[in-house]
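# Residue-level structure breakdown
If you want the building blocks of each chain, they are given just below.
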Amino acid sequence: MALTRLEKVQVWLSKAVMGLFYGLFWLLSPRKSAATSGKKLSPVRDPLLVVSATQLAKKIRRKEVSSVQVVRAYIDRIQEVNPFLNAVTKDRFDAALQEATQVDKLIEEETGGEEVLEDRLPLLGVPLSVKESFALQGMPFTTGLVSRRGVVATVDCPPVALLKRAGAIPMGVTNTSELCMWSESNNHLHGITSNPYDFERIAGGSSGGEGSILGGAGAVIGIGSDIGGSIRMPSFFNGIFGHKPTPGVVSIENQYPHVSGRQGEYCSSGPMCRYAEDLLPMLKIMAGPNAHMLSLSRKVDLQKLRFFTIPHDGGSPLTCPVSRELIEIQRKVVERLEADLGVNVQEVRFPELRYGFHIWNTYMGLPDKEGKPPLPFSELMGEPGQPVWPVWELLKWMMGKSEHTMAAIGLALLEMTRGLKPSAFLIQQKEKLQKELDELLGTDGVFLYPSHPRVAPKHHHPLFRPADCAYTGIFNILGLPVTQCPLGLSEEGLPMGLQVGAGKLQDRLTLEMALYLEKAFGGWRDPGAN
């Protein structure tokens with residue numbers, strides 16, 4: 001069974017609209033300044049910047065280094081790289097230094113020993129970056145929307161509060177795409193964020209500021225959200241680790257924009273970091289009272305797992321073919337697994353993945369249990385006032401008068417092409433894929449899948465290929481935990497990687513795989529040494 005004629009027309013319209021936007025953008029938009037052309041980040045010189053958060057916390061507890069020293073090292077690095085990256089939109093350096101001073105005083109006065117501190121405050125004194133769509137008390141809370149300029153968070157969202165309670169020290173907030181709904185972090189409030197490996201490339205979205213500052217060694221741990229790949233795409237483009245947990249485990253409260261319809265079933269908050277060993281402790285902290293659902297303390301023996309590799313989506317007409325170098329690196333992962341662990345990695349294919357973008361787009365528009373549909377994107381763009389009229393906004397953009405990005409306007413127009421009733425065929429394809437994957441994975445299965453069909457594209461190029469996010473978005477709809485793992489650099493010096501997924505609530509399997517892949521392929525690479 002295939003798409004109906006109406007659905008094929010919708011596909012054609014979507015591609016035509018996005019192609020038109022891409023052409024209009026290059027014709028009418030101002031060209032990027034050449035100030036950073038040909039430049040690169042300086043290499044990391046301070047040894048404190050190449051230590052995991054877990055090890056930093058241990059060194060701070062043991063008084064081998066002070067929290068003030070660590071925080072100052074990261075302040076210096078952020079000030080060095082952020083002019084090139086535009087990742088951190090607002091810092092809190094003075095407050096962070098004050099908090100670090102208090103941490104050092106607490107350690108001096110502690111009489112219970114290192115073990116007591118480790119148990120109570122596992123991240124004591126460690127710097128943390130925070131995506132700007134998360135409420136961080138006293139910091140901007142805009143998600144790049146011009147009409148929200150001046151909005152400041154009055155509370156901490158639950159994951160941030162839990163990380164702070166564990167001793168982490170927020171350094172500032174980082175850039176997002178407009179309203180967190182695009183694969184490049186660009187908006188008219190804070191500007192565009194660049195990739196630390198190549199300033200002409202995207203950092204991804206919507207957690208692109210997090211990915212960029214982490215990849216550029218301006219942070220060691222961070223926090224992102226993911227409803228279509230917003231943790232995993234930036235982690236892939238910037239050469240770091242990022243984990244999308246099983247939905248419902250980590251709170252998504254006090255983020256903006258708020259989810260509506262059934263979107264809460266697909267959205268996850270999760271850790272982003274340069275070192276794989278930080279993923280599990282961060283997730284355990286962020287999950288708070290729900291951590292027991294994941295059995296994170298249970299040991300994982302990789303040799304006892306079943307492994308599967310899915311090379312691509314089967315050839316969707318909306319997505320780019322997976323590049324040769326990414327196909328090859330996934331093949332090398334399979335070879336290493338079989339050689340190192342003595343396991344058999346079975347190649348599997350799912351025809352339903354061809355409809356990944358259609359499925360994601362359809363389910364994002366479904367009403368909640370009470371029949372209430374999700375808030376239209378045009379209404380979010382207009383808040384706190386009236387909804388925007390996308391066609392009028394496009395005309396304003398062409399005249400240089402719109403407060404919105406081409407991507408946001410395009411999404412609002414694309415939303416207008418969504419059918420009134422969800423496609424029965426696409427619902428059937430999703431249910432079939434869900435059943436097949438759930439049965440295949442069970443509680444001991446792990447799969448490999450490309451994080452994206454190509455390495456980080458140049459700025460604004462996602463306007464021409466918006467559906468490439470299907471490689472990540474499909475797993476939001478399926479509700480599976482997935483970890484993006486870096487796998488070295490391409491011939492162009494850009495990060496490569498892949499997704500490791502498992503069955504629901506089996507997050508510990510993908511986190512253990514991240515540790516293995518870091519050892520096997522080297523993990524994060526210093527972009528300044530590239």
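Remember, it's a predicted structure, so these values are computed and weren't measured experimentally.

## Looking at the UniProt feature "domain: Amidase" (unreviewed entry) in the protein chain
Under the local residue numbering, the UniProt record ascribes the feature "domain: Amidase" (unreviewed entry) to residues 70-511. End C-alpha atoms of residues 70-511 are separated by 26 Å, and the span's content is 35% helix alongside 16% strand.

## Considerations on the packing of aromatic side chains
Counted under the stated rule, the structure contains ten aromatic pairs. Residues Phe-84 and Phe-199 carry aromatic rings whose centres are separated by 5.4 Å and whose planes lie at 15° to one another, so their mutual orientation is stacked. Here Phe-199 lies in strand β7 (residues 198-202) and Phe-84 lies in helix α3 (residues 67-85), a separation of 115 residues in the sequence. You can call Phe-84 partly exposed: its relative accessible area is 27%. Aromatic side chains Phe-447 and Phe-475 sit 5.1 Å apart centroid to centroid with 35° between the ring planes, which places their arrangement in the tilted category. A residue pair is termed long-range when its members are at least 10 positions apart, and Phe-447 in strand β13 (residues 445-450) and Phe-475 in helix α16 (residues 470-478) qualify at 28 residues. In this structure Phe-475 comes out as buried when scored by relative accessible area, which is 1%.

## Brief notes about the state of the cysteines
By the definition in use, this model includes zero disulfides. Cys-469 takes part in no disulfide bond, and the closest cysteine sulfur to it belongs to Cys-320, at a distance of 12 Å. Between Cys-485, a cysteine without a disulfide, and Cys-273, which holds the nearest cysteine sulfur, the sulfur-to-sulfur distance is 9.9 Å. What makes Cys-485 buried here is its relative accessible area of 0%.

## With respect to the UniProt feature "active site" (unreviewed entry) in the protein chain
On the UniProt side, "active site" (unreviewed entry) is annotated at positions that read Lys-131, Ser-206 and Ser-230 here. Taken together, the annotated residues stretch across 100 residues yet fold into one region, lying no more than 10.8 Å apart by C-alpha. Mapped onto the elements of the fold, Ser-206 is located in the loop between β7 and α7 (208-215). Relative accessible area serves as the criterion here: at 1%, Ser-206 is assigned to the buried category. Contacts of Ser-206, omitting those with residues within four sequence positions, involve Lys-131, Asn-175, Thr-176, Ser-177, Cys-180, Met-181, Trp-182, Ser-185 and Ser-230. A polar atom in the side chain of Ser-206 sits 2.7 Å from the side chain of Lys-131. Mapped onto the elements of the fold, Ser-230 is located in the loop between β8 (221-226) and α8 (232-237). Ser-230 sits in the buried class, given a relative accessible area of 8%.

Here is what the cut-offs are and how they apply
- Residues numbered from 1 in each chain as written.
- Predicted model: local features only at pLDDT ≥ 70, side-chain atom pairs only at ≥ 80, totals over all residues.
- Heavy atoms only, no water.
- UniProt positions renumbered as here; feature names shortened; annotations may be inferred.
- Helix = DSSP H or I, 4+ residues; strand = E, 2+ residues; numbered from the N terminus.
- Phe/Tyr/Trp six-rings, centres within 6.5 Å; stacked < 30°, edge-to-face > 60°.
- Buried < 20%, exposed > 50% of the residue type's maximum accessible area, 1.4 Å probe, protein only.
- Disulfide = S-S within 2.5 Å.
- Contact = heavy atoms within 4.5 Å.
- Polar contact = N/O pair within 3.5 Å; in protein donor to acceptor, adjacent residues only side chain to side chain.

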